[in-house]
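Commentary on secondary and tertiary structure
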Amino acid sequence: MGVEVDFEKISEEISTSIENLAPEKKRFYKVTTPSLGPSVVRNIEAITTGLKYVIKPMRITIDYPRQVLEQPPWYRGMFRLLENVCIGCSLCDIICPSDAIRMVLNPEKKKRPVINWGRCIFCYYCVDICPVEAFDTTTIHDMAFDKYEDMLTNLEEFTKDPREKDPSKGAMRMRIKFDEKRGFVYEPTGKKNGGG
Ligand code: SF4
Ligand code: SF4
């Protein structure tokens with residue numbers, strides 16, 4: 001035998017519970033249909049705002065990839081291995097919290113790290129712990145890969161300079177500025193993006 005649900009009673013009980021709430025909470029739950037006057041005014045205001053931006057557009061984003069945001073030098077972007085500097089200590093592999101680094105043997109049978117960009121979270125623990133500064137860091141963060149397998153590097157790929165494949169190389173660097181009237185605006189720095 002199925003259970004009969006008295007929806008009317010439940011609805012009544014919910015209403016009573018809301019009625020018993022503190023006044024400020026009651027206000028929160030109160031749903032009112034606005035009268036025609038204010039509703040018309042609000043719609044006209046919305047249309048006027050829309051028209052204002054059609055006549056005088058205000059860009060709130062940058063024209064990527066022709067323009068890019070200027071990143072601070074400490075921004076944690078893609079990096080490469082300086083193979084001749086690395087001493088094969090494996091500390092980077094041990095500390096990596098997302099298991100993105102794996103040690104492989106180079107032709108001289110020395111251990112060197114390779115990276116899976118698909119796992120890397122750019123925490124830079126590996127960069128910080130490396131005792132010999134064997135990672136060359138950049139602020140590049142927008143590299144695209146066609147396939148997941150392309151994110152799994154081998155030694156040859158992990159030693160290549162990411163700056164060579166920087167997707168926004170040559171783009172104008174933009175700086176964020178605060179404008180009293182318009183909020184955040186972007187202004188060109190006059191410098192082209194070199195991929196660093
Ligand atoms: S930046 Fe962090 S997540 Fe990426 S490889 Fe280094 S330790 Fe691992
Ligand atoms: S921590 Fe530095 S030296 Fe040690 S294996 Fe990693 S890159 Fe090489």
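Structural notes, computed from the coordinates. Small disclaimer: the values here were computed from a predicted structure and weren't measured.

To continue, consider the sheet that holds strand S6 (residues 172-179). The sheet built from three strands is open, its strands ordered S1-S6-S7 with mixed pairing. If you trace the sheet from one side to the other, it starts and ends with strand S1 (67-69) and strand S7 (183-192), each paired once. Between one strand axis and the next, the sheet turns through 45° on average, direction left out of account. Alignment of S1 against S6, held across three bridges, turns out to be parallel. In the sheet register, Val68 faces S6, and the bridge partner there is Arg173.

This part takes up the nonpolar core. By size, the foremost hydrophobic cluster in this structure holds 15 residues, and its most contacted members are Ile101, Cys126 and Phe135. Once you skip the residues sitting within four places of it in the chain, Phe135 turns out to touch Phe79, Leu81, Cys126, Val127 and Cys130.

All right, on to the site of ligand 2 then. Surveying the vicinity of ligand 2 reveals the residues Cys86, Ile87, Gly88, Cys89, Ser90, Leu91, Cys92, Pro113, Ile129, Cys130, Val132 and Ala134. Looking at the shell around ligand 2 residue by residue, the classes come out as ten nonpolar, two polar and no charged.

This next bit is on the pairing of strand S4 (residues 111-115). Where strand S3 (residues 101-105) lies against S4, five bridges are found, and the strand directions are antiparallel. Following the sheet pairing, Met103 is matched in S4 by Pro113. Between S3 and S4, which pair antiparallel one after the other, the connecting turn spans five residues, and Lys109 there sits at a positive phi close to 60°.

Take the environment of Phe79 next. Residue position: Phe79 is located in strand S2 (residues 79-81). Here the alpha-carbon distance between Phe79 and Tyr124, two residues 45 residues apart in the chain, equals 9.5 Å. Dropping the residues within four chain positions of it, Phe79 is found in contact with Val127, Phe135, Asp136, Thr137 and Thr138.

Position of Ile121 relative to the elements: it lies in the loop between S4 and helix H5 (125-129). When the C-alpha atoms of Ile121 and Ala100 are compared, they prove to be 8.5 Å apart, with 21 residues separating the residues in sequence.

Criteria and cut-off values
Residues numbered from 1 in each chain as written. Chains lettered and ligands numbered in written order. Predicted model: local features only at pLDDT ≥ 70, side-chain atom pairs only at ≥ 80, totals over all residues. Pairing = 2+ DSSP bridges. Helix = DSSP H or I, 4+ residues; strand = E, 2+ residues; numbered from the N terminus. Axes fitted to C-alpha atoms, helices over the stretch in contact; angles between N-to-C directions. Core = buried A, V, L, I, M, F, W, Y, C linked by C-beta atoms within 7 Å. Buried ≥ 20, exposed ≤ 12 C-beta atoms within 10 Å, placed from the backbone. Contact = placed C-beta atoms within 7 Å. Near = placed C-beta within 6 Å. Nonpolar A, V, L, I, M, F, W, Y, C, P; charged D, E, K, R; others polar.

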